[in-house]
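# Architecture at a glance
Now for the letters of each chain:
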Amino acid sequence: MPIDVSLLNVGAIWPEIIVTLTILTLMVVDLIGGQRVAKQLAGLALLGLGLSAVVIVYQLLLQLGLIGGPVPPTESFLGSFTGDPLSLVFRGIVVLSSTLAILMAERYMYQSGAQVAEFYTLLLGATLGGMLLSGSTEMVMIFIALETLSISSYLLAGYTKLDSRSNEASLKYLLVGSASAAVFLYGMSLLYGLSGGETKLTAIAPRIVDMGFPALLALVLVVAGISFKLAVVPFHQWTPDVYEGAPTPVVAFLSVGSKAAGFALAIRFMTEAFPAYTLQWQTLFAGLAILSMVLGNIVAIAQTSLKRLLAYSSIAQAGYLLIGLAIGTVDGYASLMFYLITYLFMNLGAFAAATLFTLKTGSDDISAFSGLWRKDPFLAVCLSVFLLSLAGIPPFAGFFGKIYLFWAAFQAGAYTLLFVGLVTSVASMYYYLRVVKPMVVRPMSPEVEAYPATNWELPGMRSLQVALGVSVVATVIVGIISNPIVSLMNESIARTPPLQTAKQLSQK
Amino acid sequence: MLTVNFFLAVGAALFCIGIYGLVTSRNAVRVLMSIELLLNAVNLNFLAFSSYVDPVNIRGQLFTIFIIAVAAAEAAIGLAIVLAIYRNRNTIDMENFNLLRW
């Protein structure tokens with residue numbers, strides 16, 4: 001079968017092409033330059049991600065009709081990939097989280113003495129996988145993108161290979177990850193058979209409409225596979241271990257970039273392949289959301305390490321995000337995407353603050369943070385802003401994100417989800433404040449007593465400062481300018497074909 | 001006459017054996033082998049469906065090639081991590097990996 005190259009519509013993956021070229025350039029530059037260029041590699045990686053982000057924004061504006069007439073999204077690679085606004089938003093989130101992770105990794109790499117070139121290569125590889133996953137519409141493509149993301153993540157989690165905690169985190173992540181990928185694949189193999197040999201999600205949907213139990217079995221297996229990436233209860237066991245053992249900048253990327261890609265996959269897979277089972281998958285995700293919100297928030301209370309606390313907090317946040325998916329309205333998806341953007345800044349910011357503190361004191365115990373206000377007011381204020389925002393206290397971004405989510409749930413009549421969300425977010429304030437309060441009122445801990453003055457001139461510190469600054473400014477501002485962002489998200493969803501058809505099917 | 005159900009049953013049995021091995025094995029290498037079993041069960045499913053319901057386009061066979069390639073990459077990385085652990089701790093017994101609580 002001859003293929004016309006222009007039909008492939010390669011232009012849709014320009015952002016990915018740029019990231020791929022950056023990876024290749026990084027490896028070649030490292031090969032030629034060796035140690036002499038090690039300090040410039042972060043700049044190179046950031047440049048590539050920046051260019052990619054520019055292209056993403058350009059394509060998004062083009063498709064929304066904000067520059068020139070609106071261009072309808074077209075499928076690329078004969079239906080394997082789509083560059084619709086939904087995928088563009090999620091690819092933007094993945095790129096942004098990777099950028100911030102690189103900014104905070106620079107100093108970390110310098111201090112831990114690990115090889116830098118491979119780190120950036122792997123991180124960009126994971127970014128590439130996440131970006132492709134956000135736009136995949138065909139099962140082979142989904143699998144390959146998912147594994148690109150996962151395999152890079154396993155390696156990143158074990159990057160500090162002389163640290164046995166990092167080894168252990170990596171092994172656990174790999175074992176649980178590949179087992180859940182196998183479960184996901186088993187579900188996809190059933191879908192392939194039930195649909196009579198289709199691998200495109202939209203082609204599967206009409207063929208499994210009246211299948212009953214076998215299709216439901218496939219649905220459950222697929223949801224289980226995706227839930228691992230989202231780190232929702234009961235597929236969350238790897239999360240605290242990996243978050244505690246892996247290098248902090250890596251965890252920052254995993255907690256946002258990888259999760260965002262998982263949500264893009266969940267939205268696309270459910271709306272395109274299972275529109276006939278909307279009620280069933282919405283019930284499933286509602287159950288997972290309630291479990292995550294309750295368990296994540298309760299277990300977080302008992303944690304003593306800040307990284308483990310953030311791990312359970314991210315499980316709980318995934319539960320809030322799932323509300324948007326479980327109600328399945330346009331407002332639900334829009335508020336999910338908006339909350340993901342606020343979560344991006346506050347969570348990455350919290351990890352940046354944890355990175356800085358760990359680099360200076362070597363500890364991430366919550367008790368070590370006491371009295372930090374007197375030694376380093378800047379870091380104390382930043383960390384407080386991020387944690388208060390995660391708790392959903394106004395006027396920070398997290399508050400507005402939660403308001404939109406809960407409002408969407410209220411309008412959709414999902415009162416149980418709304419109730420659990422409200423109660424657990426009130427309860428969550430307790431453990432976030434348990435970190436914030438001692439920083440200000442308690443006497444200084446031994447770690448803080450020995451706290452060295454911050455020298456921003458040291459190599460890599462400047463970019464950590466930029467990461468912290470950007471996150472803190474965004475956490476404060478995004479809440480205030482929430483209206484235009486939410487309408488942009490609404491517009492993106494309105495111009496994404498599968499979500500339109502999903503809406504019509506669910507109304508029938 | 002072999003029907004597609006026969007292959008699916010073998011695939012499902014293989015998958016269950018894989019899950020059993022995953023849960024009960026103490027040796028990290030055995031756990032990796034169990035994961036290979038899971039992936040091969042999926043391969044069998046795809047191949048069976050491919051020849052019974054999709055003999056023209058054979059998308060399932062193509063899918064299987066991708067799965068085999070990715071499984072190889074995963075096994076390589078899994079063994080590399082096991083090696084790194086062995087160098088640090090001198091054991092690959094899963095029961096001993098308790099620096100991090102489960």
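Structure shown above.
So, here is what we can say about the structure in this document. Worth saying up front: this structure is predicted, and the values here are computed from it rather than measured. (Residues numbered from 1 in each chain as written. Chains lettered and ligands numbered in written order. Predicted model: local features only at pLDDT ≥ 70, side-chain atom pairs only at ≥ 80, totals over all residues. Heavy atoms only, no water.)

### Topic: empty space enclosed by the protein
All names here are of chain A. What counts, and what does not: Both site types are read off a 1 Å grid over the protein atoms alone. A 1.4 Å probe that fits but cannot get out defines a cavity, while an open set with protein on both sides within 12 Å along at least five of seven lines defines a pocket; lining residues have an atom within 4 Å of a point. Grid points are joined across faces, edges and corners, and a volume is the space filled by probe spheres set on the points. Helical segments are the DSSP runs of H or I of at least four residues, strand segments are the runs of E of at least two, and each set is numbered from the N terminus. For this classification, Asp, Glu, Lys and Arg are treated as charged, while Ala, Val, Leu, Ile, Met, Phe, Trp, Tyr, Cys and Pro are nonpolar and the rest, including Gly, are polar.
On inspection of all chains with the given rule, the structure shows one cavity of 30 Å³ or more. Roughly 40 Å³ of volume is contained in the largest cavity. As for the largest cavity, its lining consists of L146, E147, S150, Y154, G177, S180, A181, G225, F228 and K229. Secondary structure elements with two or more residues in the lining of the largest cavity: α6 (139-157), α7 (164-194) and α9 (213-230). Tallying contributions element by element places α6 first for the lining of the largest cavity, with four residues. Looking at the lining of the largest cavity residue by residue, the classes come out as four nonpolar, four polar and two charged.

### Description of a nonpolar patch on the surface
All names here are of chain A. As a reminder of what qualifies: The patches reported here contain residues having more than 30% relative accessible area and no salt bridge. Joining distances are 9 Å for like charges and 5 Å for nonpolar side chains (Val, Leu, Ile, Met, Phe, Trp, Tyr). Exposure was quantified through the Shrake-Rupley algorithm and a 1.4 Å probe, taking into account, for residues, occlusion by the shown protein chains and nothing else. For this document, the term salt bridge refers to a Lys or Arg side-chain nitrogen within 4 Å of an Asp or Glu carboxyl oxygen. Exposure is judged per residue with a 1.4 Å probe applied to protein chains only, and the accessible area is read against the type maximum: over 50% gives exposed, under 20% gives buried, and values in between give partly exposed.
On the surface, a nonpolar cluster with roughly 420 Å² of combined accessible area is contributed by V473, V476, I477, I480 and I481. Relative to the helices and strands, I477 is located in helix α20 (residues 461-480). Of the residues examined, I477 reaches a relative accessible area of 39% and is grouped as partly exposed.

### Section: the interface of chain B and chain A
Inclusion rule: Two residues qualify as a contact provided that any one of their heavy atoms is within 4.5 Å of a heavy atom in the partner residue. Put simply, buried area is the surface a 1.4 Å probe can reach on two separate parts but cannot reach once they are joined, added for both. Each polar contact in these results corresponds to two N or O atoms within 3.5 Å; when the atoms are within protein, one needs to be able to donate a hydrogen and the other to accept it, and residues that are neighboring in sequence are counted only if both atoms are side-chain atoms.
Listed by partner, the interface residues are 42 residues for chain B and 40 residues for chain A. Regarding the contact of chain B and chain A, the summed buried area is about 3,700 Å², with carbon and sulfur atoms giving 75% of it. If you look at where chain B meets chain A, you find two salt bridges. A salt bridge links R59(B) to E198(A); the nearest nitrogen and oxygen atoms lie 3.8 Å apart. In this assembly, chain B and chain A are joined by seven residue pairs in polar contact (both at pLDDT 80 or more). Contributing elements (two or more residues each) for the side of chain B that touches chain A: α1 (4-24), α2 (28-53) and α3 (59-89) of chain B. Ranked by residue count, the leading element in the side of chain B that touches chain A is α3(B), at 16 residues. Class assignment for the residues of the side of chain B that touches chain A results in 30 nonpolar, seven polar and five charged.

### With respect to helix α17 (residues 397-411) of chain A
All names here are of chain A. Note the cut-off: Multiplying one less than the number of residues by 1.5 Å gives the expected span of a helix.
The end-to-end C-alpha distance of α17 is 21 Å, a good match for the 21 Å that 15 residues give at a rise of 1.5 Å each. The elements touched by buried residues of α17 are α13 (306-327), α14 (330-361), α16 (377-391), α18 (415-441) and α20. Two residues or fewer after α17 comes G413, characterised by a positive phi angle close to 80°.

### Overview of the environment of L284(A)
Residue and element names in this part refer to chain A. Mapping L284 onto the fold places it in helix α12 (residues 278-301). Each C-alpha atom, one on L284 and one on L219, is 9.6 Å from the other, the two residues being 65 residues apart in sequence. Residues contacting L284, with those up to four places away along its chain left out, are L219, V220 and V223.

### What about the nonpolar core?
All names here are of chain A. Quick reminder of the rule: As used in this record, nonpolar core signifies buried Ala, Val, Leu, Ile, Met, Phe, Trp, Tyr and Cys residues forming a set joined through side-chain atoms within 4.5 Å.
Ranked by size, the top nonpolar core spans 216 residues in total, and within it F90, F269, M270, F274 and F285 carry the most contacts. Per-element accounting of this core gives the leading share, 21 residues, to α14. Ignoring any residue separated from it by four or fewer positions in sequence, one finds F269 in contact with M139, I142, F184, M188, L191, L201, V222, I226 and F274.

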